[in-house]
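Close look at the chain arrangement
The primary structure of each chain is shown beneath.
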Amino acid sequence: MSLLKLEHIDKIYQQGQIQVHALSDINLEVDESEFAALVGPSGSGKTTLLNIIGGLDTASTGHIHINSSNIAELNEQELSKFRLFELGFIFQAYNLVPVLSALENVELVMVLQGRPHKERSQRAKHYLEIVGLQDMMHRRPSELSGGQQQRVAVARALAAGPRLVLADEPTANLDSENASALLDIMFKLALEEKTTFLFSTHDPRVMERAKRIITLSDGKIINDENVNNE
Amino acid sequence: MTNTQSVPIGVFFMLAWRNLWRHKRRTIITLSSIAIGFGLTVFSIGMQDSGHNNMVKNAINMGDGHITIQHSEYLASPANHRFLEEGKSLLQQVEAQSIKAQVVPRITLQTLASTANNSVGVAVQGINIKSDPLRDIIEDKIQDGRWLQQGDERGLIIGSGMARKLKTKVGGKVVIMAGKKGGDSEAQLGRVRGIFHSGMLELDNYFIVAGLDFTRRFLIAEGGKVENQPLTRVAIFLDDEKQLVNIKQQLNKAINQPNTVVLDWQQMLPQLVQYIVIDDVSAYVMQIFILLVIVFGIVNTVLMGVLERTREFGLLRALGFQKNYLVLLVFLESLLLSGMAVFFGWLVGGSIHLYVAAYGIDFSGLIPEGTTFAGTFMDPIIYSELSPARVYQLTSIVFLTTLASGIYPAIKASRVTPIEALRT
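Residues numbered from 1 in each chain as written. Chains lettered and ligands numbered in written order. Predicted model: local features only at pLDDT ≥ 70, side-chain atom pairs only at ≥ 80, totals over all residues. Heavy atoms only, no water.

Here the focus is the sheet that holds strand 2 (residues 18–31) of chain A. Residues and elements named next belong to chain A. With antiparallel pairing, 4 strands are arranged side by side in an open sheet as 2-1-4-5. Each edge of the open sheet is held by one strand with a lone partner, namely strand 2 and strand 5 (69–70). Where strand 1 (residues 2–15) lies against strand 4 (residues 61–66), 5 bridges are found, and the strand directions are antiparallel. Among the inter-strand pairings, D10 is bridged to a residue of strand 4, identified as T61. Packed on one face of the sheet, helix 1 (residues 46–53) meets strand 1, strand 2 and strand 4 and runs near 120 degrees to strand 1. (Pairing = 2+ DSSP bridges. Helix = DSSP H or I, 4+ residues; strand = E, 2+ residues; numbered from the N terminus. Contact = heavy atoms within 4.5 Å. Axes fitted to C-alpha atoms, helices over the stretch in contact; angles between N-to-C directions.)

Written out as structure tokens, the structure reads:
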């Protein structure tokens, strides 16, 4: 059953007199528990597509259904709420709130969700343990390495229990060792939690792990294939 | 989608508090500038209020009390013949009100004082020589001679400047002469019993104190009847000046005499009131400048904090923070900064105020002897005074101003869109 369904998505930017087609007639379905990668060169529209799926940006035309909600019909407040309960985000860098500890960062989304203190604390500690940061949960982001910060971001994205995690080039700023460790964690969590992951990347290490690779070029899907990565 | 969203306010306070201390030095500098600015405002207002209160107190004591009952035309056109015919019954009416105050009969005359050597235009104040508050002020300042005694119907107390002008001394004769309404004049011989030196030129050069009996002769000459004990005025010195309005209203209702008016000190001393108003206005202008410095300090700190966190706000919005959460967060940062600013401001200003309230500042080097403002004077040592109303007013103004300073940064924060912010 598809969790995400995009129908005829166009994104047009107006730059002065010129119209730039960032996305053209995107049609895509992603099923529950998929571990899919959006790949393509810079400027191909990966981040724009992720932003539209995440409700951070709006499509010029088309429909976006996530878990049977048409997010194009939601107002700003409803979109906020939708992101809060249904989506998890992992960004390329500067993912965390600097004045909060790792534990507090992981708890933050659950605080906004209105979960009880005990529940969110238990879940935050559990996910920090999974990402291997149980001994650093009280450290602030400035006291963590880039790889550790991304692991906190992964823990935060998953602890809130989203159906879909959108990750925009999560390994771009990490060295090989950290990138590999992060991918191991995400892959493991995707399997265990049955959470759907959609990455934008041009990191071959990510592509090697992805079960499905959707290739974008000039704002169009030019290839969409399931791969048998183990 | 779950709809149960209730974010504890404590979370926002915690975030706001930590955000404030993200740049400790900047916050400390901002707080220091506000605290010093506010402290100076507290100090200057404390001194100014004290100076005004001091001048008013002296004007009331030297003048005609908190409330004065006199002829309805006297204030506009002071003349000896504008007196209260029924002085005795008026005093009885006032005393029947049982107000908590000292009620003092007075006769004021515009006269010419002459000796064989010279003549000077003077104001003669006829008082009850035993109980009038003026005695407390003048008697201590007698340099030569003594205070008036009961039964002394011709005794005069004159200032040192006048003694010099008239070339007279204790025991000397002085003729007091006053023009009458009809064009004639009335003259009475007095004898100098004491010479005072107050340091105030208006008193020392142009003021004579005499007994009621002596001065009443001039009112009798104007047609007053001895048995009615005519007066120029009844001066009322209240025990509690806060009762001024109530007691004035009470007297207005109770006094039933023709051509009689009940005035408060503000009506009697309009120049002093104007001086205080003008002085207050100049102080307010100064305070507005200080408040502007405070506003810019807060706006700078909070706005800088907002602008440099644009990406972070975008992240928070992406995670599910609603616009109003960001407004609340930035507003709480301003609120905390305002609260601390007021606290430290009072710590600085309050400390200075308490010190100056206890020990005072001696301005005698700055104010030449004899200086008077608007018919009164200021004591050389001023002790800071702040009324509870002033404390409330200053706290509210600074608190609300600093709080208002956070509005623009809060609006700015709310306009952050996640997509724009995350691109930065």
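Further remarks concern the side chain of B:Q48. All names here are of chain B. For Q48, the location among the structural elements is in helix 2 (residues 24–62). With relative accessibility at 13%, the residue Q48 sits in the buried group. Excluding residues within four positions of it along the chain, Q48 makes contact with D279, D280 and A283. (Buried < 20%, exposed > 50% of the residue type's maximum accessible area, 1.4 Å probe, protein only.)

Right, let's talk about the interface of chain B and chain A for a bit. Each partner contributes residues to the interface: chain B has 30 residues there, and chain A has 34 residues. Summing the contributions of chain B and of chain A, the shared interface buries around 2,700 Å²; its carbon and sulfur component is 62%. Seen at the junction of chain B and chain A, the total is 3 salt bridges. One salt bridge connects A:E104 with B:R18, and the closest N-O pair in it is separated by 2.5 Å. Between chain B and chain A we count 7 residue pairs in polar contact (both at pLDDT 80 or more) in total. (Buried area = accessible area lost by both parts, 1.4 Å probe. Salt bridge = Lys/Arg side-chain N within 4 Å of Asp/Glu carboxyl O. Polar contact = N/O pair within 3.5 Å; in protein donor to acceptor, adjacent residues only side chain to side chain.)

Below, the discussion takes up the sheet that holds strand 6 (residues 87–90) of chain A. Residues and elements named next belong to chain A. The 6 strands lie next to each other as 6-7-8-3-9-10, forming an open sheet whose pairing is mixed. With one partner strand each, in any of the chains shown, strand 6 and strand 10 (220–226) form the two edges of the open sheet. Taken pair by pair, the neighbouring strands of this sheet meet at an average axis angle of 15 degrees, ignoring direction. Across 6 bridges, strand 9 (residues 212–217) lies against strand 10 in antiparallel orientation. Residue pairing for strand 10: L216 is matched across the bridge by I221.

The next thing to look at is unusual backbone geometry. When glycine is set aside, most residues are seen to have a negative phi, and most peptide bonds are trans. All names here are of chain A. Unusually for a residue other than glycine, S33 sits at a positive phi of about 70 degrees. Turning to its location among the elements, S33 is positioned in the loop between strand 2 and strand 3 (35–39). Accessibility expressed as a relative area gives 35% for S33, which makes it partly exposed. A positive phi is found at D218, a non-glycine position, where the angle reads about 50 degrees. One can find D218 in the loop between strand 9 and strand 10. Of the residues examined, D218 reaches a relative accessible area of 61% and is grouped as exposed.

Residues and elements named next belong to chain A. By the criterion of burial, strand 3 is predominantly enclosed, with 5 of the 5 residues buried. Neither face of strand 3 is left uncovered, since the one carrying F35, A37 and V39 and the one carrying A36 and L38 both have all their residues buried. Alignment of strand 3 against strand 8 (residues 196–201), held across 5 bridges, turns out to be parallel. In the sheet register, F35 faces strand 8, and the bridge partner there is F197. Bridge count between strand 3 and strand 9: 4 bridges; the pairing is parallel.

The next thing to look at is the pattern of salt bridges. Residue and element names in this part refer to chain B. One pass over the full model with this rule turns up 26 salt bridges over all chains. Its salt-bridge partner being K248, residue D264 comes within 3.2 Å of it at the nearest N-O pair. On the criterion of sequence distance, the pair formed by D264 in strand 10 (residues 260–264) and K248 in helix 8 (residues 244–254) is long-range, its members being 16 residues apart. Look at K248 and you get buried, because its relative accessible area is 16%. Overlapping salt bridges bring together D64, R106, D132 and R233 as one network.

What follows concerns the packing of helix 2 of chain B against helix 10 (residues 270–307) of chain B. Residues and elements named next belong to chain B. Contact geometry for helix 2 and helix 10: axes closest at 10 Å, N-to-C directions at 170 degrees. It follows that helix 2 is roughly antiparallel to helix 10 by the angle criterion. Classifying every residue of the contact of helix 2 with helix 10 by side-chain character gives 14 nonpolar, 9 polar and 3 charged. (Parallel < 35°, antiparallel > 145°, perpendicular 65-115°, else oblique. Nonpolar A, V, L, I, M, F, W, Y, C, P; charged D, E, K, R; others polar.)

A cluster of nonpolar side chains, contributed by B:V277, B:V281, B:V285, B:I288, B:F289, B:L292 and B:F296, occupies part of the molecular surface with about 670 Å² of accessible area. A residue is classified by how much of its surface remains accessible, and B:F296, at 59% relative accessible area, is exposed. (Patch = residues over 30% accessible without salt bridge, like charges linked within 9 Å, V, L, I, M, F, W, Y side chains within 5 Å. Areas by Shrake-Rupley, 256 points an atom, 1.4 Å probe, with all protein chains shown as cover.)

Looking now at the nonpolar core. Within the largest apolar cluster, 117 residues are counted, with the highest numbers of intra-cluster contacts made by A:L128 and A:L198. In contact with A:L198, not counting residues within four places along its chain, are A:L4, A:A36, A:L38, A:L50, A:I53, A:L164, A:V165, A:L166, A:A167 and A:I214. (Core = buried A, V, L, I, M, F, W, Y, C linked by side-chain atoms within 4.5 Å.)

This part is about the confidence of the model for chain B. Scored by pLDDT, chain B comes out at a mean of 87, with 96% of its residues at no less than 70. Scoring the predicted complex yields pTM 0.72 and, for the interface, ipTM 0.87. (pLDDT = per-residue confidence, 0-100.)

Attention now goes to the side chain of A:R156. Along the polypeptide, A:R156 turns up in helix 5 (residues 146–159). With residues up to four places along the chain from it excluded, the contact list for A:R156 reads A:F89, A:N95, A:L96, A:N105, A:V106, A:V109, B:L315 and B:L319.

With that settled, the discussion passes to helix 6 (residues 176–193) of chain A. Here helix 6 of chain A is 18 residues long and its end C-alpha atoms lie 25 Å apart, about the 26 Å a rise of 1.5 Å per residue gives. Taken as a whole, helix 6 of chain A has its buried residues at A:A179, A:L182, A:L183, A:I185, A:M186, A:F187, A:L189 and A:A190. (Expected span 1.5 Å × (residues − 1).)

Residue and element names in this part refer to chain B. Taken across its 5 residues, strand 1 (residues 67–71) has 5 buried, putting it largely inside the fold. Relative to strand 9 (residues 233–238), strand 1 is paired through 4 bridges, and the arrangement is antiparallel. Paired with T68 across the strands is A235, a residue of strand 9. Pairing of strand 1 with strand 10, which is carried by 5 bridges, proceeds in the antiparallel orientation. By the bridge assignment, T68 is partnered in strand 10 with L263.

A few words now on the packing of aromatic side chains. Throughout the structure, instances matching the rule amount to 13 aromatic pairs over all chains. Taken together, a centroid distance of 5.4 Å and an interplanar angle of 65 degrees make the contact between B:F12 and B:Y325 edge-to-face. Pair noted here: B:F12 is in helix 1 (residues 9–20) and B:Y325 is in helix 12 (residues 323–359), with a separation of 313 residues, a long-range link. Here B:F12 and B:Y325 have matching classes, each one buried. The rings of A:F35, A:F187, A:F197 and A:F199 are connected pair by pair, giving a single aromatic cluster. (Phe/Tyr/Trp six-rings, centres within 6.5 Å; stacked < 30°, edge-to-face > 60°.)

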